[in-house]
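Residues per chain, in single letters:
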Amino acid sequence: YAPPSVSQIVPMNQLPGENITIKDNSFGDELSLISISIGGTPCSYVGPVTPHTELICTTPQILGANKSLSIVVNGVQNVNDVFSYTAPEVHNVTHLPASGGVATIKVAVFGPVNGSQVT
């Protein structure tokens, strides 16, 4: 096998636990010889889309930008590919009095927690 060489990741930014499609031309068609990890954590699912050229990876429950994307096919690993998770989005912040108190920040895409919003 030639070393995997990622040509495209769709979508390039994704939520933890969601699918991405990885495109290349040297994956082969034997899934038992293929492993994919992001930031050192294995994808929870790796499956075929198109033999040799496209795989689906269910992203692990981690966060961050520029995580290493490791693809190993029959013991041969890719080099220098990265993946970034979708960044958190702040939707609302309650006013915090000058005297102190509690502020509530509502965000989406906060990470691998129970629910898609954390308050």
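Residues numbered from 1 in each chain as written. Predicted model: local features only at pLDDT ≥ 70, side-chain atom pairs only at ≥ 80, totals over all residues. Heavy atoms only, no water.

Chemist: Even after reading the chapter, I still don't get the nonpolar core, so can you show me in this structure?
Modeler: It is characteristic of soluble globular proteins that their nonpolar side chains tend to be buried jointly. Counting 17 residues, the largest nonpolar core has Ile-22, Ile-36, Ile-38, Leu-69 and Ile-71 as its most contacted members. Once you skip the residues sitting within four places of it in the chain, Ile-71 turns out to touch Pro-4, Val-6, Ile-22, Phe-27, Ser-35, Ile-36, Val-76, Gln-77 and Asn-78. (Core = buried A, V, L, I, M, F, W, Y, C linked by side-chain atoms within 4.5 Å. Buried < 20%, exposed > 50% of the residue type's maximum accessible area, 1.4 Å probe, protein only. Contact = heavy atoms within 4.5 Å.)

Chemist: What am I meant to see in a nonpolar patch on the surface here?
Modeler: Where nonpolar side chains cluster on the molecular surface, the patch consists of Val-90, Val-93 and Ile-105 and spans about 270 Å² of accessible area. If you trace the backbone, Val-90 turns up in strand S11 (residues 89–93). (Patch = residues over 30% accessible without salt bridge, like charges linked within 9 Å, V, L, I, M, F, W, Y side chains within 5 Å. Areas by Shrake-Rupley, 256 points an atom, 1.4 Å probe, with all protein chains shown as cover. Salt bridge = Lys/Arg side-chain N within 4 Å of Asp/Glu carboxyl O. Helix = DSSP H or I, 4+ residues; strand = E, 2+ residues; numbered from the N terminus.)

Chemist: Looking at this structure, how should I read unusual backbone geometry?
Modeler: In terms of backbone geometry, most residues other than glycine have negative phi values and most peptide bonds are trans. The omega torsion of the bond from Val-10 to Pro-11 falls at -15 degrees, within 30 degrees of zero and hence cis. Topologically, Pro-11 is positioned in the loop between strand S1 (8–10) and strand S2 (13–14). Phi at His-52 is positive, roughly 75 degrees, even though this residue is not glycine. Residue His-52 is classed as partly exposed on the basis of its relative accessible area, which comes to 39%. Positioned with a positive phi, Asn-66 is a non-glycine residue whose angle comes to about 55 degrees. As for its placement among the helices and strands, Asn-66 is situated in the loop between strand S7 (54–58) and strand S8 (67–73). Judged by its relative accessible area of 56%, Asn-66 is exposed.

Chemist: I would appreciate a short explanation of the pattern of salt bridges in the present structure.
Modeler: Opposite charge on two side chains allows them to pair when their charged atoms are near. A complete count under the given rule lists one salt bridge for this structure. We note a salt bridge from Lys-23 to Glu-54, for which the minimum N-O separation is 3.5 Å. Pair noted here: Lys-23 is in strand S3 (residues 19–23) and Glu-54 is in strand S7, with a separation of 31 residues, a long-range link.

Chemist: How should the state of the cysteines be read in this particular structure?
Modeler: Each disulfide consists of one covalent bond between the sulfur atoms belonging to two cysteines. Going through the model one piece at a time under the given rule, you end up with one disulfide. Cys-43 shares a disulfide with Cys-57; S-S distance 1.9 Å. The sign of the S-S torsion, about -70 degrees, decides the handedness of the disulfide formed by Cys-43 and Cys-57: left-handed. Within this pair, whereas Cys-43 is found in the loop between strand S5 (41–42) and strand S6 (45–50), its partner Cys-57 is found in strand S7, the two being separated by 14 residues in sequence. In this structure Cys-43 comes out as buried when scored by relative accessible area, which is 9%. (Disulfide = S-S within 2.5 Å.)

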